[in-house]
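For reference, the chains in residue letters:
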Amino acid sequence: MSSLNKKNFLKSLLFYFPSIFLFLSVLNEIDLNYLKIEYFSFNFVYILIFYWTLKSPRYLSYGAIFIAGLINDVVIGIPMGVSSFCYLLICVVTAYLRNITITPNFLNDWIFLLITILLVNSIQVISLDLIFSVDVSYMRYFINSGFTFIFYPVFIFLFNILEKKIKLKKND
């Protein structure tokens, strides 16, 4: 009987792994400062939200994404709701892309990610700089967007492996 409970627990844990990983990544706010690379940063949360809401939206709920955005705002110290709005904007863009795409194509998704990142970062920079008068480094946002775009293929490879494992455990 306990072996059945362990299997159900592992299945549930794998099913909620993208949500758990989202919350861990917004709580940690990894910026790699200890490597002494001044302008190296990428937004892992954008990649995570973009992939899971585009490919398998059932694993990452919009409510969890909204709450993760609020937590991110508290952790990095920006006005409440800015990250949530940006994260949900990524969800809107991926829902649109999912509905207009007949056959998924990696290159199209990658280019659409670039457009999404540029849109979301510009809205975030404009709202922080003009509305809330927060000091913003435009160069850091630009470099962050570039590295996020470059690292997407690496994470899509890893997320595809993870998704296959989730589907295997789900169908056991």
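Look a little higher up for the structure.
So, a few notes on the structure that sits alongside this text.

The rules we used
Residues numbered from 1 in each chain as written. Predicted model: local features only at pLDDT ≥ 70, side-chain atom pairs only at ≥ 80, totals over all residues. Heavy atoms only, no water. Helix = DSSP H or I, 4+ residues; strand = E, 2+ residues; numbered from the N terminus. Contact = heavy atoms within 4.5 Å. Areas by Shrake-Rupley, 256 points an atom, 1.4 Å probe, with all protein chains shown as cover. Patch = residues over 30% accessible without salt bridge, like charges linked within 9 Å, V, L, I, M, F, W, Y side chains within 5 Å. Salt bridge = Lys/Arg side-chain N within 4 Å of Asp/Glu carboxyl O. Axes fitted to C-alpha atoms, helices over the stretch in contact; angles between N-to-C directions. Left-handed = near helix turned anticlockwise from the far one by under 90°. Nonpolar A, V, L, I, M, F, W, Y, C, P; charged D, E, K, R; others polar. Buried < 20%, exposed > 50% of the residue type's maximum accessible area, 1.4 Å probe, protein only. Phe/Tyr/Trp six-rings, centres within 6.5 Å; stacked < 30°, edge-to-face > 60°. Parallel < 35°, antiparallel > 145°, perpendicular 65-115°, else oblique.

Things to note about the overall build of the protein
Here is step 1 of the chain: Tallying secondary structure elements over the protein gives seven helices and zero strands in all.
Here is step 2 of the chain: Each helix and strand of the protein, placed in order from N terminus to C terminus, yields the pattern α-α-α-α-α-α-α.
Here is step 3 of the chain: Across the protein, contacts joining residues at least 24 apart in sequence account for 75% of those joining residues at least 6 apart.
Here is step 4 of the chain: Approximately 10300 Å² of the protein is accessible, and the part contributed by carbon and sulfur atoms is 69%.

Details of a nonpolar patch on the surface
Here is step 1 of the chain: A contiguous nonpolar surface patch, about 650 Å² in accessible area, is contributed by F9, L10, L13, Y16, I20, F21 and L24.
Here is step 2 of the chain: Listing elements by their share of the nonpolar patch, those giving two or more residues are α1 (2–15) and α2 (17–28).
Here is step 3 of the chain: Mapped onto the elements, F21 comes out in helix α2.

Describing the packing of helix α3 (residues 44–55) against helix α5 (residues 82–100)
Here is step 1 of the chain: Taken N-terminus to C-terminus, the directions of α3 and α5 make an angle of 35°; their axes are 9 Å apart at the nearest point. For the element pair α3 and α5, the recorded crossing hand is right-handed. Together, V45, Y46, I49, F50, T53 and L54 of α3 and C86, Y87, I90, C91, T94, L97 and R98 of α5 make up the contact between the two elements.
Here is step 2 of the chain: Of the residues belonging to the contact of α3 with α5, the class tally is 10 nonpolar, two polar and one charged.

Re the environment of Y51
Here is step 1 of the chain: Within the secondary structure, Y51 is located in helix α3.
Here is step 2 of the chain: The class for Y51 is buried, based on a relative accessible area of 0%.
Here is step 3 of the chain: Between the alpha carbons of Y51 and I156 there is a distance of 7.1 Å; along the sequence they are 105 residues apart.
Here is step 4 of the chain: Excluding residues that lie within four positions of it along the chain, Y51 makes contacts with S56, Y152, I156, F159, N160 and E163.

Section: the packing of aromatic side chains
Here is step 1 of the chain: The full count for this structure, using the stated rule, is 19 aromatic pairs.
Here is step 2 of the chain: Relative to Y59, the ring of F15 has its centre 5.1 Å away and its plane inclined at 70°; by these criteria the two rings are edge-to-face. On the criterion of sequence distance, the pair formed by F15 in helix α1 and Y59 in the loop between α3 and α4 (62–76) is long-range, its members being 44 residues apart.
Here is step 3 of the chain: With a relative accessible area of 1%, Y59 lands in the buried category.
Here is step 4 of the chain: Both rings, one in F44 and one in F155, keep their centres 5.0 Å apart while their planes meet at 65°; by these two values the pair is edge-to-face. With a gap of 111 residues between them, F44 in helix α3 and F155 in helix α7 (residues 138–171) connect regions that are remote in the sequence.

Overview of the packing of α2 against α3
Here is step 1 of the chain: Taken N-terminus to C-terminus, the directions of α2 and α3 make an angle of 165°; their axes are 10 Å apart at the nearest point. Judged on the interaxial angle alone, α3 and α2 are roughly antiparallel. Like other packed secondary-structure pairs, α2 and α3 cross with a definite hand, here left-handed. Here P18, F21, L22, S25 and V26 of α2 lie close against α3, whose contacting residues are F44, V45, L48, I49 and W52.
Here is step 2 of the chain: The residue inventory of the contact of α2 with α3, partitioned by class, reads nine nonpolar, one polar and no charged.

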